[in-house]
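Summary of the model geometry
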Amino acid sequence: TAASWMDGCGEIHRADPRTWPGLPPAQSARLRAITELGVRLASRPMRTKDRLLTSEQVFAAYAPRMRLLDHEEFWLLTLDAKRSLIAEHLIASGHLTGVEVHPRQVFRQAILESAAAIVCLHNHPSGDPTPSREDILLTRRLWQAGLVVGIELLDHVVIGEDRFVSMRSDGFVPCDTP
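Position numbers for residues start from 1 in each chain and track the written sequence from start to end. Given that the model is predicted, a residue must reach a pLDDT of at least 70 before its local features are reported, and side-chain atom pairs must reach 80 or more before they are shown or counted; all residues, however, enter totals for whole chains, interfaces and linings. Calculated side-chain values reflect all of the structure's heavy atoms, with hydrogen atoms and water omitted.

**Examining the sheet that holds strand β2 (residues 85-93)**
In spatial order, the strands read β2-β1-β3-β4-β5; together these five strands make up an open sheet with mixed pairing. Two strands bound the open sheet, and with one partner strand each, they are β2 and β5 (164-166). The sheet shows a mean angle of 20 degrees between the axes of neighbouring strands, taken without regard to direction. Pairing between strand β1 (residues 73-79) and β2: seven bridges, direction antiparallel. Paired with Leu76 across the bridge in β2 is His89. Here, any two strands with at least 2 DSSP bridges between them count as paired. By definition, any uninterrupted DSSP run of H or I lasting at least four residues is a helix, any uninterrupted run of E lasting at least two residues is a strand, and each is numbered from the N terminus. To obtain each axis, a line is fitted to C-alpha atoms, and for helices this fit is confined to the stretch in contact; angles are then taken between N-to-C directions over 0 to 180 degrees.

This is the structure in structure tokens:
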């Protein structure tokens, strides 16, 4: 069952059709368009004022657009006191094995929007959402920065191809303030 943040605590081929030998450019363009349409139809984008209460909701909303990317992207979701979405922001776009993010980039947006809480998420192009050492260190830094500015880090969700890791559920985001 999904734990709420309110209480505190078919395969798609990844290869780019442009690289398939013998595929005419027109067919390649059609395949890319069909793939993009499928991703858009499969995803239900979050809307302002949608309530985010679990990491499962984040995965369901963002996995269709992030799980097949060939590079890492780091996103920020800013939330009000009732855990309703204020806005979503692409903070950084990286490469195959990483994306560089600094807490000031994340909290700048949150402060400007008077957010009460944030959720961070990023993808792993490998398909394996197991957090790296860098992911864990960044999550701890974000949590600590949140304490300083008074904006709670609810979770950092790592999206893989067909599953995700909630850094809160795995104990990397403390449930209580010190």
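**Topic: a nonpolar patch on the surface**
Each patch is built from residues that are more than 30% exposed by relative accessible area and take part in no salt bridge. Like charges join if they lie within 9 Å; nonpolar side chains (Val, Leu, Ile, Met, Phe, Trp, Tyr) join within 5 Å. Accessible areas in this description were obtained via Shrake-Rupley with a 1.4 Å probe; residue shielding takes into account the shown protein chains only. Just to be clear on terms, a salt bridge is a Lys or Arg side-chain nitrogen sitting within 4 Å of an Asp or Glu carboxyl oxygen. Together, Ile111, Val148 and Val149 make up an exposed nonpolar region whose accessible area comes to about 290 Å². When you line up the elements, Val148 lands in helix α4 (residues 133-149).

**A few points about the pattern of salt bridges**
For side chains of opposite charge, pairing can occur when their charged atoms come near one another. Inspection of every chain in the model, using the stated rule, returns four salt bridges. Close ionic contact of Arg65 with Glu88 constitutes a salt bridge, the shortest N to O distance being 3.3 Å. With Arg65 in helix α2 (residues 55-66) and Glu88 in strand β2, this residue pair connects regions lying 23 residues apart in the sequence. In this scheme, a residue with accessible area under 20% of its type's maximum is buried, one over 50% is exposed, and one in between is partly exposed, where area comes from a 1.4 Å probe on protein chains only. Overall, Arg65 belongs to the partly exposed group, its relative accessible area being 24%. Among the charged side chains, a network of salt bridges with common partners joins Arg83, Glu152 and Arg168.

**As for the pairing of β1**
Judged by how many residues are buried, β1 sits mostly within the fold: seven of seven residues are covered. Direction of pairing for β1 relative to strand β3 (residues 117-123): antiparallel, over a ladder of six bridges. Looking at β3, one finds that Phe74 is bridged to His122.

**Some points on the side chain of Thr139**
Its location among the elements puts Thr139 in helix α4. According to the relative accessible area criterion, Thr139 is buried, its value standing at 0%. The contact definition used throughout considers only heavy atoms, calling two residues in contact when any of these lie within 4.5 Å. Residue contacts for Thr139: discarding those within four places in its chain leaves Leu153, His156, Met167, Phe172 and Val173.

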